[in-house]
Amino acid sequence: MTDKKKLPIGIEDFEKLRRNDFYYVDKTGMIRDLLNSWSEVSLFTRPRRFGKSLNMSMLRYFFEIGDHRELFDGLEISEETELCDAYMGKFPVISISLKSINAPSFSIAYDTAVRTVNAEARRFQYLLNSENLIEDEKEEYKSLLQSDMDASCLYSSLRVLTELLEKHHKSKVVILIDEYDVPLAKAHENGYYDDMVFLIRNLLEQALKTNPGLQFAVLSGCMRISRESIFTGLNNVTVLSVSNVRFDEYFGFTDREVRELLDDYGLSAHYDTVREWYDGYQFGNSDVYCPWDVINYCYTLMADPEAQPENYWINTSGNDAVRRFVRESDNSGSTKREIEKLLAGETIVKEIRQELTYRDMYASIENIWSVLFTTGYLTQRGKPDENRFTLAIPNREIHSVFATQIMELFRENVRKDGDRVIRFCEALKNGDAKSVAEQFGAFLRGTISIRDTFVRKERKENFFHGILLGILAAKDSWIVSSNEESGDGYSDILIEIEEEGIGIVLEIKYAENGDFEAACREALDQIEDMHYDEKLRDEGMEDILKYGVACYKKRCRVVMESGQQKTLRGTGGFP
């Protein structure tokens, strides 16, 4: 693999990627489409880690004055010779990212915004020697370099820089603003939202509204912020969200691009896994993969061909939207049922508001549906009917996010329901299979069911396995082990009650088509055949209780067999 290009983990600078022989999935057709469907201000909204920043960097190097033609050699845009001759390297470009404006207070955020403008202004220090600028204009430029910039100067900074660049170059200016919504998200989290809205609104309005020096502007972010919040008075913004057909294949990898990448690195055998875990997003009419996931998994596979897929995209966020959503649904039976349908691989139809303020995002369960859609935790299927979208969970990775948050909430609820935990554990210890099933069934009915159609039967059992472990975790005096080696295999759950010399074996089976009796029998036979009680006996447990647990949706049956007498002692359940 030494002759292969390096995989660009986290590389967002187009020049660095192209000059240092990193693998690049060609998205330069975006430049042609941007020029052919001209808009004075274009706002692209996509979930995080879908290539927004790299595309913004690509735009900068294409339009910025200078000779960057070699960066685009062999790429799709290089075939558009007339466009390249007319636009490549012809404009001064102001390019800033607001991603770093992430602070615990407004004063610190303000200072960070000033430093962001300072850094961009320093790229144009040749303006100090410009023969096209008078001294007053040069002094105005110097004010953009000051770390103690006052508010009026900050608000007008991008507009002033535009005017100075236009006058020096005798050419209009391209403005690129990446991650425009990050300061608003952080301000909302930290309690200074109104102040930041005022700052961003003034900065954007002065730069983008009736700016005679502006050629065009492109903004990118995750959320489409309400016009009333920061775009008041701006009627020249074209919003291109995840539901728009224009530019739909330029953020994320298409299936063809993923197949080519896997083939280039000798990883084609992993295509089905990559598709199951990281595909499934629909942007406009295009089906796309999360590029961050695909690149990271390929990087891992190159070192370890047996590596299992991971939640790479999820690990770059706190998943607050899903956490809040699951907790809100705990008080809504209809929302619980809708989540269960999504987790089972089905779709639901919801009215989506694509324009929200951060203050509105979590104001209602209806708004949270919209947040989940715009941030990539849900995706569309088919065409929307006005604002009504058919929604689905895109893939295994996102499915696991919902499952993790559901299990966390379940464990919290278990800790609050100590009486039921006591009744369950007492029944388990006393060999009362009927009561075990009654209490376990009550727990199942009280949580969101994860019917995972993404996986095989054995993996479906994991949800019920996790529920049992969540209940048993509340019993501190019991020694509970999961997937422990015992006898000739690995048992699902082993329990040691040392002070009473009681050992318990739990084997869980998913009852396909609701055949509880067959599933319980299979579980008990596996305990016997694999000698799962062996470890408990080695630890000195004298009375061994063996339970076969069969589960299907929110129903269960429990059968118990004594390890000493090897006779059926009790059954129970609600099939």
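Residues numbered from 1 in each chain as written. Predicted model: local features only at pLDDT ≥ 70, side-chain atom pairs only at ≥ 80, totals over all residues. Heavy atoms only, no water.

(A) Representation of the overall build of the protein. For the protein, the helix and strand inventory stands at 22 helices and 17 strands. By principal-axis analysis of the C-alpha atoms, the protein measures approximately 100 × 50 × 45 Å. In the protein, buried positions account for 56% of the 575 residues. Residue pairs in contact within the protein that sit at least 24 positions apart in sequence constitute 71% of those at least 6 positions apart. Of the side chains in the protein, 72 bear a positive and 99 a negative charge, and the two mean positions are spaced by 3 Å. (Helix = DSSP H or I, 4+ residues; strand = E, 2+ residues; numbered from the N terminus. Buried < 20%, exposed > 50% of the residue type's maximum accessible area, 1.4 Å probe, protein only. Contact = heavy atoms within 4.5 Å. Lys, Arg positive; Asp, Glu negative; His and termini not counted. Charge placed at Lys NZ, Arg CZ, Asp CG, Glu CD.)

(B) Looking closely at the sheet that holds strand S11 (residues 388–392). Taken in spatial order, the three strands make up an open sheet running S9-S11-S10, and their pairing is antiparallel. For this open sheet the edge positions go to strand S9 (348–351) and strand S10 (379–380), each flanked by a neighbour on one side alone. Here two bridges tie S10 to S11, and the two strands are oriented antiparallel to one another. Looking across to S11, one finds that Gln380 is bridged to Leu391. Strands S9 and S11 of the sheet are contacted by helix H15 (residues 333–343), whose axis makes an angle of about 125° with S9. (Pairing = 2+ DSSP bridges. Axes fitted to C-alpha atoms, helices over the stretch in contact; angles between N-to-C directions.)

(C) Highlighting the sheet that holds strand S1 (residues 41–45). The strand order across the open sheet formed by five strands is S2-S3-S4-S1-S5, and the pairing between neighbours is parallel. With partners counted over all chains shown, the strands left at the sheet margins are strand S2 (93–97) and strand S5 (237–240), one partner each. Pairs of neighbouring strands in the sheet enclose a mean axial angle of 15°, with direction left out of account. Strand direction decides the pairing type here: S1 and strand S4 (residues 214–221), joined by five bridges, are parallel. Looking across to S4, one finds that Ser42 is bridged to Val218.

(D) Representation of the side chain of Glu397. The topology assignment puts Glu397 in helix H17 (residues 396–416). No salt bridge forms around the buried Glu397; measuring N to O, its nearest opposite-charge neighbour Arg48 is 7.7 Å away. Filtering out sequence-adjacent residues up to four positions away, Glu397 remains in contact with Trp277, Tyr278, Asp293, Glu310, Asn311, Tyr312, Trp313 and Ile314. (Salt bridge = Lys/Arg side-chain N within 4 Å of Asp/Glu carboxyl O.)

(E) Here's a closer look at the pairing of strand S12 (residues 479–486). In this sheet, strand S13 (residues 489–497) lies alongside S12 in antiparallel orientation, the contact comprising seven bridges. From the neighbouring strand, Val480 faces S13, where its bridge partner is Ile495. Counting the residues in the hairpin turn of S12 and S13 gives two residues, including Gly487, whose phi is positive at 65°.

(F) Highlighting the packing of aromatic side chains. Applying the stated rule across the entire model yields 32 aromatic pairs. Ring plane angle 70° and centroid distance 5.0 Å describe the contact between Phe463 and Phe464, whose orientation is recorded as edge-to-face. You can call Phe464 buried: its relative accessible area is 2%. Grouping aromatic residues by their ring pairs yields a cluster made of Phe14, Tyr24, Trp38, Phe62, Phe63, Phe72, Tyr87, Phe91 and Phe216. Positioned above the aromatic ring of Phe283, the side-chain terminus of Arg46 is 5.3 Å from the ring centre. Just above the ring of Phe443 sits the side chain of Arg420; from NZ or CZ to the centre is 5.7 Å. (Phe/Tyr/Trp six-rings, centres within 6.5 Å; stacked < 30°, edge-to-face > 60°. Lys NZ or Arg CZ within 6 Å of the ring centre and 35° of its normal.)

(G) Broad picture of unusual backbone geometry. For Glu179, which is not glycine, the phi dihedral falls at a positive 55°. Positionally, Glu179 belongs in the loop between strand S3 (173–178) and helix H8 (182–190). Judged by its relative accessible area of 11%, Glu179 falls in the buried class.

(H) View of the nonpolar core. Membership of the largest hydrophobic core comes to 167 residues, with the highest contact counts inside it found for Leu208, Leu219, Tyr377, Phe424, Leu428, Phe440 and Tyr547. Beyond its immediate sequence surroundings of up to four residues, Phe440 is in contact with Phe424, Phe464, Ile467, Leu468, Ile471, Val549, Cys551 and Cys556. Judged by nonpolar contacts, the second largest core, of 34 residues, contains Leu17, Tyr24, Leu34 and Met58. (Core = buried A, V, L, I, M, F, W, Y, C linked by side-chain atoms within 4.5 Å.)

(I) Region of the structure containing the pattern of salt bridges. Here the structure, examined in full by the defined rule, presents 43 salt bridges. Across the pair Arg60 and Glu64 runs a salt bridge whose closest N-O atoms are separated by 3.2 Å. One salt bridge in this structure joins Glu166 and Lys172, with 3.6 Å as the shortest N-O distance. One network of salt bridges, in which partners are shared, links Lys27, Arg256, Glu257 and Glu260.

(J) Here's a closer look at the state of the cysteines. Counted according to the given criterion, the structure contains zero disulfides. Sulfur of Cys520: no disulfide; nearest cysteine sulfur belongs to Cys551 and is 8.5 Å away. In this structure Cys556 is not part of a disulfide, and its nearest cysteine sulfur, from Cys551, lies 5.7 Å away. (Disulfide = S-S within 2.5 Å.)

(K) Molecular detail of helix H21 (residues 516–530). Counted at 1.5 Å a residue, the expected span for H21 with its 15 residues is 21 Å, and the 21 Å between its end C-alpha atoms agrees. What H21 keeps buried is the set Phe516, Ala519, Cys520, Ala523, Leu524 and Ile527. Along the axis of H21, the buried residues cluster in a sector spanning 130°; they form a single face. H21 presents Glu517 and Asp529 as exposed residues on the side facing more than 90 degrees away from its buried surface. After H21 finishes, the residue His531 shows a positive phi value of roughly 55°. (Expected span 1.5 Å × (residues − 1). Arc of directions from axis to C-beta.)

(L) Structural context of the environment of Glu539. Within the fold, Glu539 resides in the loop between helix H22 (534–538) and strand S15 (543–552). By relative accessible area, which is 44% here, Glu539 ends up partly exposed. When the C-alpha positions of Glu539 and Leu524 are compared, they lie 21 Å apart, and in sequence the two are 15 residues distant.

(M) Seen up close, the packing of helix H11 (residues 255–264) against helix H12 (residues 271–278). Viewed as axis vectors pointing N to C, H11 and H12 meet at an angle of 140°, and their least axial separation amounts to 11 Å. As the angle between them shows, H11 and H12 are arranged oblique. Viewed along their axes, H11 and H12 form a crossing whose handedness is right-handed. Of H12, the residues touching H11 (which contributes Asp255, Val258, Arg259 and Leu262) are Tyr271, Val274 and Arg275. Split into classes, the residues belonging to the contact of H11 with H12 amount to four nonpolar, no polar and three charged. (Parallel < 35°, antiparallel > 145°, perpendicular 65-115°, else oblique. Left-handed = near helix turned anticlockwise from the far one by under 90°. Nonpolar A, V, L, I, M, F, W, Y, C, P; charged D, E, K, R; others polar.)

(N) The environment of Ile65, seen in detail. With respect to the helices and strands, Ile65 occurs in the loop between helix H3 (52–63) and helix H4 (81–87). As a C-alpha pair, Ile65 and Val93 span 28 residues in sequence and 7.7 Å in three-dimensional space.

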